[in-house]
Amino acid sequence: MATLSPEQTMLPAVRSFLSSTKQLLIDGEWVDAADGRTFATINPATEEELAQVAQGSATDVDRAVASARRAFEAGSPWSRMTPRERSHLLWRIGDLIDAHAEELAQLESLDNGKRVSSAAGDVSVAAELFRYFAGWATKMEGTSIPMSVPGKEFHAYTRREPIGVVAGIVPWNFPLTMACFKVVPAITAGNTVVLKPAEQTPLTALRLGELLLEAGLPAGVVNVVPGYGDTGAALVDHPDVDKVAFTGSTEVGKKIAAGASRNLKKVSLELGGKAPNIVFADADLDAAVAGAALGGYFNEGQCCVNGSRLYVQRAVFDQVVDGVAAAARAMKVGDGFDPSADMGPLVSAEQHEKVLGYIRGATEAGAVLTAGSAERARDRGYFVDPTLITSVTEQMAVQTDEIFGPVITAIPFDTEDEVVAAANNTVYGLAAGVWSRDLGTAHRVGAKLRAGTVWLNTWHADDVVLPRGGYKQSGWGRELGSFGLDDYTELKTVIAELR
Ligand code: NAD
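Overview of the structure.

Calculation criteria
- Residues numbered from 1 in each chain as written.
- Predicted model: local features only at pLDDT ≥ 70, side-chain atom pairs only at ≥ 80, totals over all residues.
- Heavy atoms only, no water.
- 1 Å grid on protein atoms, 1.4 Å probe; cavity = no way out; pocket = protein on both sides within 12 Å on 5 of 7 lines; lining within 4 Å.
- Points joined across faces, edges and corners; volume = space filled by probe spheres on them.
- Helix = DSSP H or I, 4+ residues; strand = E, 2+ residues; numbered from the N terminus.
- Nonpolar A, V, L, I, M, F, W, Y, C, P; charged D, E, K, R; others polar.
- Buried < 20%, exposed > 50% of the residue type's maximum accessible area, 1.4 Å probe, protein only.
- Pairing = 2+ DSSP bridges.
- Near = heavy atom within 4 Å.
- Polar contact = N/O pair within 3.5 Å; in protein donor to acceptor, adjacent residues only side chain to side chain.
- Areas by Shrake-Rupley, 256 points an atom, 1.4 Å probe, with all protein chains shown as cover.
- Sits in = over half its atoms within 2 Å of the grid points.
- Axes fitted to C-alpha atoms, helices over the stretch in contact; angles between N-to-C directions.
- Contact = heavy atoms within 4.5 Å.
- Right-handed = clockwise from strand over helix to strand, strands pointing away.
- Salt bridge = Lys/Arg side-chain N within 4 Å of Asp/Glu carboxyl O.

The space that makes up the largest pocket amounts to roughly 1100 Å³. Around the largest pocket, the lining comprises 42 residues; the ones closest to its centre are W172, F246, G248, S249 and V252. Elements with a minimum of two residues in the lining of the largest pocket: α10 (229–237), β10 (243–247), α11 (250–260) and α14 (349–364). Among the elements that take part in the lining of the largest pocket, α11 stands out by supplying six residues, more than any other. For the lining of the largest pocket, the residue count by class is 18 nonpolar, 13 polar and eleven charged.

Structural data, given as structure tokens:
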């Protein structure tokens, strides 16, 4: 059967959305950038322009922050909304996302490159996130705490209050879900938001903005200002932003921490990773091979919790490497709209060149390409074949740096102590995994790994109810679950003397 081109299967709603220049969402209105500037967003499968998008400047950031501040202030429609009303509104938004799921999945695929089926999974996570946090809106409780002051009586209690104006700055690898990871807990707690999507993938955040208005979110509660790093930096520098919630690279995370320190705004950081995936000889090897391939190649390898460093116990090293290489070779790279494709293109020309550069560098340093290639996988589009590299040393850049592409390195090990030391020998600490049939080994090694998420005999198993975040230079704070909600609140202690 011939593969349909995107034009043949694109929904009319998607075609219509792409037919106009996309504007900024400020104070409930769609507006041009103050200086009229726009930028192109590109389809990474075809390298063609999808749409022009308004590019927010510092002036637009000012307008958006002022709008978010007005929406937050006492007496505003948003501040007067009861927790139950907020809860119902969040649930409604989740349903609206579901009602537009196919359209959002197509938009995401076009903008990011990922397969439509994969984007559909992201969209359902976004909808579920609204519904999960809808439950929390009515459960943000304080505690009453007994005090011990001789001769006096007090009633002391705590309240959870919103922080204020939150700047959400997000990357391109899961554009809609990353936007929702910031927006949903922030508004659940009663904050207001200025969202800056990544310059590579602004479209679903803008479509989300339309759906938020349609659901009845008051004007100014969520503003969307696309742009490049300078737009994000203007938010970080802004004196009236109370918190920056950032997901992105460790390099930019450090700039954000430095920028935010000027007025000590709150900061949460979800940063890079270089996750070790450890396979012991007693593991279910079929499951471990499938898990290693999923861990390394899911989302075109553009995943912060990507299992990019595979460590395999020497007795089964060849068997596991052969299995992962076979899985890599069997994967079909193709357009995100091609239902038979297993992997889409990388997000951008820059990312494409960066990933191929790492593969080339590894071969030049003496590593072996067991599967994959250092050449572009197709003449047009930012495609890279899933790649497995062996004969790697711990010093090679391919082993130390976050590549953010479909590249796995494999190294053999002999003892538990040796592999734990190697696994932890990184500045990152986002995720890690262990494969062993011995429960003692799995849990013992899992406890020794310095990472915010540890998978035992699985990879990428996830749920919005679970907290996530990084040890070491992989971040500050935890996102999602009840822990994630705490990060969007201030804790107030109230002490009343009872006379
Ligand atoms: P990036 O850091 O280059 O950009 C992320 C966002 O920050 C973009 O919106 C960008 O425009 C903005 N930005 C860039 N410079 C800025 C500045 N000086 N001030 C403020 N904002 C600025 O990251 P990326 O390349 O878009 O995404 C890939 C990175 O994101 C990887 O390192 C990956 O590990 C990380 N990531 C982490 C998680 C997590 O949960 N820990 C999830 C997804 C991605």
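Further remarks concern the pairing of β10. A large share of β10 lies buried, amounting to five of its five residues. The alternating pattern of β10 places K243, A245 and T247 on one face and V244 and F246 on the opposite face, and all of these are buried. With four bridges joining them, strand β7 (residues 165–169) and β10 adopt parallel strand pairing. Across the sheet, the residue bridging to V166 is K243, located in β10. Note: β10 against strand β11 (residues 266–270), five bridges, orientation parallel. Paired with A245 across the two strands is S268, which belongs to β11.

Read across the open sheet, the three strands follow the order β5-β6-β20; overall the sheet is antiparallel. Of all the strands in the sheet, just β5 (144–145) and β20 (489–497) have a single pairing partner and so form its edges. Sheet analysis places β5 next to strand β6 (residues 154–162), joined by two bridges and oriented antiparallel. Looking at the pairing, I145 lines up with A156 of β6.

The next point concerns the site of the ligand. Around the ligand, 28 residues are found, and the nearest of them are V170, E199, S249, L271 and E402. In the model, an oxygen atom of the ligand is placed 3.3 Å from a nitrogen or oxygen of the E270 side chain. Contact distances for the ligand include 2.8 Å between a nitrogen atom and a backbone N or O atom of L271. Here the ligand, which alone exposes 840 Å², has 88% of that area covered by the protein. In this structure the site holding the ligand corresponds to the largest pocket.

What follows is about the sheet that holds strand β15 (residues 387–390). For sheets, the rule is that strands pair by backbone hydrogen bonds, running either parallel or antiparallel. Taken in spatial order, the seven strands make up an open sheet running β14-β15-β16-β13-β12-β17-β18, and their pairing is mixed. In the strand order of this sheet, the two ends are held by β14 (368–371) and β18 (453–456), each with one partner. Strand-to-strand twist of the sheet, defined as the mean angle between neighbouring strand axes without regard to direction, takes the value 25 degrees. Bridge count for strand β12 (residues 276–279) against strand β13 (residues 309–313) is four bridges, and the pairing is parallel. In the strand pairing of β13, I278 is matched with Y311. Along the sheet face, helix α17 (residues 439–448) touches β12, β17 (431–435) and β18 and points at about 165 degrees away from the line of β18.

So, on to the pairing of β11. Across the five residues of β11, four count as buried, placing the element largely inside the fold. Read as a crossover between parallel neighbours, the route from β10 over α11 to β11 is right-handed.

Let us look at the pattern of salt bridges. For the structure on display, the rule yields 28 salt bridges. The closest approach of N and O atoms between E128 and R131, which form a salt bridge, is 3.3 Å. Of this pair, E128 and R131 both sit in helix α7 (residues 116–136), three residues apart, which is roughly one turn of the helix. For E128, a relative accessible area of 38% corresponds to the partly exposed category. Using a relative accessible area of 13% as the deciding quantity, one classes R131 as buried. When the shortest N-O distance is used, the salt bridge between E161 and R159 registers 2.8 Å. Given a relative accessible area of 40%, R159 falls into the partly exposed group.

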